[in-house]
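Take a look at the letters that make up each chain.
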Amino acid sequence: MGGNGELKYEISQNAYIKLVLHTLRHKTAAVNGVLVGRISSKDEGVVEISDSVPLFHSNLALLPPLEISLIMIEEHYVAQGLSIVGYFHANERFEDVELSGVAKNIGDHISRYFPQAPILLLNNKKLEALSKGKDRSPVMQLCVKDASKNWRVVGTDGGSKILLKEPSANVVLSDYISSEKWKDVTDFDDHLDDVTKDWLNPGLFN
């Protein structure tokens, strides 16, 4: 199998929507999360992202909470044959579509466990246009490591490298945004403040 550039990443509707709702819950902050999944059993060139976990909305760069969260996430998902396969990041400023140092560092950290791990970076302009258009492509940009181990945004052809498993995901996302479903999202920050808050968000899509 070749480098990351040849891989495709297929993200399930729930994994995708959960991360976007997390960013809307904390609109004025940078937020992040991890992608959970596996290499496809049918096609080794596809990483299937079946779930996601919203991580933090404050102090994203602190390593101890990150380490704790990654260990707990791995322990939970290993029984399902899943592991952490990537990282999601949304910048604080609306028009900022650059990968920050923090995002690259955490991406590096996760790629030690899963070398093919991508970073998905929220594109706010695409998110804003969601309610107006019929665009079926994800509101995230794909970033992968190149041959020299530097993170780069996959260009305009990147749309074909990151796929929404359910074509209607953006329609469902729009519905959730209009009903303010983002208010129900719990992340690891919330859990560390109050352990009764479940970072798995079991009731989110009920």
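Rules behind the numbers
- Residues numbered from 1 in each chain as written.
- Predicted model: local features only at pLDDT ≥ 70, side-chain atom pairs only at ≥ 80, totals over all residues.
- Heavy atoms only, no water.
- Helix = DSSP H or I, 4+ residues; strand = E, 2+ residues; numbered from the N terminus.
- Buried < 20%, exposed > 50% of the residue type's maximum accessible area, 1.4 Å probe, protein only.
- Expected span 1.5 Å × (residues − 1).
- Contact = heavy atoms within 4.5 Å.
- Salt bridge = Lys/Arg side-chain N within 4 Å of Asp/Glu carboxyl O.
- UniProt positions renumbered as here; feature names shortened; annotations may be inferred.

Trainee: How would you explain unusual backbone geometry if you had to name every residue and give the values?
Mentor: You will see that N59, though not glycine, has its phi angle at about 50°, which is positive. Take N59: it is sitting in the loop between β3 (46-54) and α2 (63-77). Phi is positive for N201, which is not a glycine, with a value near 50°. Mapped onto the secondary structure, N201 falls in the segment after α6 (188-193). By relative accessible area, which is 7% here, N201 ends up buried.

Trainee: Requested: an account of helix α3 (residues 101-113), with residues and values cited.
Mentor: End to end, α3 covers 19 Å across 13 residues, agreeing with the expected 18 Å (1.5 Å per residue, within 8%). Listed as buried for α3 are A103, I106, G107, H109, I110 and S111. Against the buried residues of α3 lie β2 (31-39), α2, β4 (83-90), β5 (119-122), β6 (140-145) and β7 (151-153).

Trainee: I'd like a rundown of the pattern of salt bridges, residues and numbers included.
Mentor: A full pass over the atoms with the stated rule returns seven salt bridges. Two residues, K18 and D51, come together in a salt bridge whose shortest N-O distance is 2.7 Å. Of the two residues, K18 is situated in helix α1 (residues 13-25) and D51 in strand β3; the sequence distance between them amounts to 33 residues. A salt bridge links E180 to K183, with the nearest nitrogen and oxygen atoms 2.6 Å apart. A residue is classified by how much of its surface remains accessible, and E180, at 37% relative accessible area, is partly exposed.

Trainee: Please set out the UniProt feature "domain: MPN" (unreviewed entry) in the protein chain residue by residue, giving values where relevant.
Mentor: As recorded in UniProt, the feature "domain: MPN" (unreviewed entry) lies at residues 9-144. The straight-line gap between the two end C-alpha atoms of residues 9-144 is 11 Å; of that span, 35% is helix and 28% is strand.

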